[in-house]
Amino acid sequence: MIRVEGLRKVYGDFAAVQGSTFTVEPGEIFGVVGPNGAGKTTTLKSVAGLIEPTEGSATVAGSPADDPATRSALGFLPEESPLYEDMTARSYLRFFADLYDVPREVADERIESALDDLELEHRERRLGDTSKGMKRKVAIARSLVNDPDVLVYDEPASGLDPLTTNYVLEFTRELAESGKTVLFSAHNLYHVESICDRVVIMNEGEIVARGTVEEIRAEHGETTYRVFTTVPVAGSDPDGDRHVVAVGSMDAVEAVRERATEAGGEVADIRTRESTLEEIFLDMAGRPMPGSRRVGPGDDSRSDATGRPATGAEKREEASEAAK
Ligand SMILES: Nc1ncnc2c1ncn2[C@@H]1O[C@H](COP(=O)(O)OP(=O)(O)OP(=O)(O)O)[C@@H](O)[C@H]1O
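Treat the numbers as computed from the prediction; the structure is a model and nothing was measured.

1. So, the overall build of the protein chain
And then number 1: The helix and strand inventory of the protein chain stands at 11 helices and 14 strands.
And then number 2: Restricting to contacts in the protein chain with at least 6 residues of sequence separation, those with at least 24 account for 70%.
And then number 3: For the protein chain, the exposed surface amounts to about 15,500 Å²; the carbon and sulfur share of it is 47%.

2. Some points on the nonpolar core
Generally speaking, soluble globular proteins have nonpolar side chains that are buried together.
And then number 1: Membership of the largest hydrophobic core comes to 49 residues, with the highest contact counts inside it found for Leu93, Val138, Ile140, Phe184, Val192, Val199 and Ile201.
And then number 2: Two domains each put at least three residues into this core: domain 1 (2–219) and domain 2 (222–285).
And then number 3: Counting 23 residues, the second-largest nonpolar core is a separate cluster that includes Ile2, Val17, Phe22 and Leu74.

3. A short note on the sheet that holds strand β1 (residues 2–11)
And then number 1: Reading across the sheet, the four strands line up as β2-β1-β4-β5 and stay open at both edges, with antiparallel pairing between neighbours. In this open sheet, the two edge strands, each paired with only one partner strand, are β2 (14–24) and β5 (63–64).
And then number 2: Pairing analysis gives five bridges linking β1 to strand β4 (residues 55–60), with the strands arranged antiparallel. Note that in β4 the partner of Val4 across the bridge is Ala58.
And then number 3: Packing of helix α1 (residues 40–47) onto the sheet brings it into contact with β1, β2 and β4, and relative to β1 it is tilted by some 125°.

4. A look at the side chain of Lys180
And then number 1: Structurally, Lys180 is set in the loop between α6 (162–177) and β8 (181–186).
And then number 2: Residue classification places Lys180 among the buried residues on the basis of a relative accessible area of 11%.
And then number 3: Side-chain polar atoms of Lys180 contact the backbone oxygen of Pro148, separated by 2.8 Å.
And then number 4: Residues in contact with Lys180, not counting those within four places in the same chain, are Pro26, Gly27, Glu28, Leu144, Asp147, Pro148, Asp149, Leu151 and Leu175.

5. Observations concerning helix α3 (residues 89–99)
And then number 1: Inspection of α3 places Ala89, Tyr92, Leu93, Phe96 and Ala97 among the buried residues, and these make up the whole buried set. Across the axial projection of α3, the buried residues extend over an arc of 140°, all falling on one side.
And then number 2: In the segment just after α3, Asp101 is the residue with positive phi, at about 60°.

6. Some remarks on the domain arrangement of the protein chain
And then number 1: As far as domains go, the protein chain holds domain 1 (2–219) and domain 2 (222–285).
And then number 2: Taking only C-alpha atoms into account, the centre of domain 1 sits 44 Å from that of domain 2.
And then number 3: Of all residues in domain 1, the largest losses of buried area upon contact with domain 2 belong to Leu189, Ile201 and Arg217, amounting jointly to 51% of the total for that side.
And then number 4: The tally of links from domain 1 across to domain 2 stands at zero salt bridges.
And then number 5: Our enumeration of links across domain 1 and domain 2 arrives at one residue pair in polar contact (both at pLDDT 80 or more).

7. Points about the site of the ligand
And then number 1: Around the ligand sit 14 residues, and of these Asn36, Gly37, Lys40, Thr41 and Thr42 come closest.
And then number 2: The separation between an oxygen atom of the ligand and a polar main-chain atom of Gly37 is 2.8 Å.
And then number 3: In isolation the ligand exposes 640 Å². Once the protein is present, 63% of that is buried.
And then number 4: Elements with a minimum of two residues in the shell around the ligand: β2 and α1.
And then number 5: Among the residues making up the shell around the ligand, the classes are represented as five nonpolar, six polar and three charged.

8. Structural notes on the UniProt feature "domain: ABC transporter" (unreviewed entry) in the protein chain
And then number 1: The residues that UniProt annotates with the feature "domain: ABC transporter" (unreviewed entry) are residues 2–229.
And then number 2: The annotated region residues 2–229 carries 35% helix and 30% strand content, and the separation between its end C-alpha atoms amounts to 53 Å.

9. Observations concerning helix α4 (residues 104–117)
And then number 1: Taking 1.5 Å as the rise per residue, α4 with 14 residues should run 20 Å; its terminal C-alpha atoms sit 20 Å apart, in good agreement.
And then number 2: Those residues of α4 that fall on the buried side of the exposure criterion are Ala107, Ile111, Ala114 and Leu115. Projected down its long axis, α4 shows its buried positions confined to an angular sector of 95°, all on one face. Among the exposed residues of α4, those pointing more than 90 degrees away from its buried face are Glu105 and Glu109.

What counts, and at which threshold
- Residues numbered from 1 in each chain as written.
- Predicted model: local features only at pLDDT ≥ 70, side-chain atom pairs only at ≥ 80, totals over all residues.
- Heavy atoms only, no water.
- Helix = DSSP H or I, 4+ residues; strand = E, 2+ residues; numbered from the N terminus.
- Contact = heavy atoms within 4.5 Å.
- Areas by Shrake-Rupley, 256 points an atom, 1.4 Å probe, with all protein chains shown as cover.
- Core = buried A, V, L, I, M, F, W, Y, C linked by side-chain atoms within 4.5 Å.
- Buried < 20%, exposed > 50% of the residue type's maximum accessible area, 1.4 Å probe, protein only.
- Domains from an automatic or database assignment.
- Pairing = 2+ DSSP bridges.
- Axes fitted to C-alpha atoms, helices over the stretch in contact; angles between N-to-C directions.
- Polar contact = N/O pair within 3.5 Å; in protein donor to acceptor, adjacent residues only side chain to side chain.
- Arc of directions from axis to C-beta.
- Buried area = accessible area lost by both parts, 1.4 Å probe.
- Salt bridge = Lys/Arg side-chain N within 4 Å of Asp/Glu carboxyl O.
- Near = heavy atom within 4 Å.
- Nonpolar A, V, L, I, M, F, W, Y, C, P; charged D, E, K, R; others polar.
- UniProt positions renumbered as here; feature names shortened; annotations may be inferred.
- Expected span 1.5 Å × (residues − 1).

Quick look at the structure:
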């Protein structure tokens, strides 16, 4: 289980995340969505123990996210996943399994099983010569070599073709169904609607909406009523042999009905339409936030410089960075 409480991250005088609170349960896919710069990656990296919060906390299974043992038991898929270009998928995954001290036999079985599940072809091809989709699948397999219970996936389907995207999303869904806890960020709201159990929408470092997609729609969306009349009424447009006017409430529908009756006609049909998640998102993302992200003199611009010796998990991260 992931628990994020009052998470705030400040860089210099700028608040990247302004105090987020949420929990993610085992078996659940929890989506974090928002426009560029909203604070999604900062949130995910805090849960992966790669960023130290300025205030608040992120815990995984009750332990601090940056605890080396916690990090070792978590699978993180970064937005960009550089791989060692000269290695093959198998040798690359074995290399990471060794870093996690997974016994060779267990690792080999786990790697083959992940590559089978991901239907990865060309396992002995140099990674530098493989497609973007294949590289992403290898990065996903890498997030599983330590058999983590908790997965943090930053834009898992970014830049992939529709077929590979579906594959990756379906695979992520299956991981959650097998009991894993999945925290997931995405720009594509269709992906979010299709696989996430619950969602938070972030804007300018703040959570501005939360719940299931249906709950968010009910709370933040709008219902539009298209009222079809047999005679023209104020504001209506012709529609075949009828007239149509769009209104936002049942009271307004009744007002249209009265006007139509006064004009000697009637209401022939009423159709309702709910906001899509995309419309809600665009509305919220475009809305200026009341609070500023500027804060007083900064205290935490060097997020990763904790001053303590590098842990095994950090060395693994460095190894991954070096592959860039
Ligand atoms: N190390 C850093 N130093 C200073 N500012 C940072 C740092 N990391 C992130 N930020 C800023 O914090 C804000 C949130 O960044 P973050 O990467 O979390 O956003 P995001 O929602 O993931 O964006 P995107 O969708 O573009 O990936 C951005 O304005 C970003 O420029």
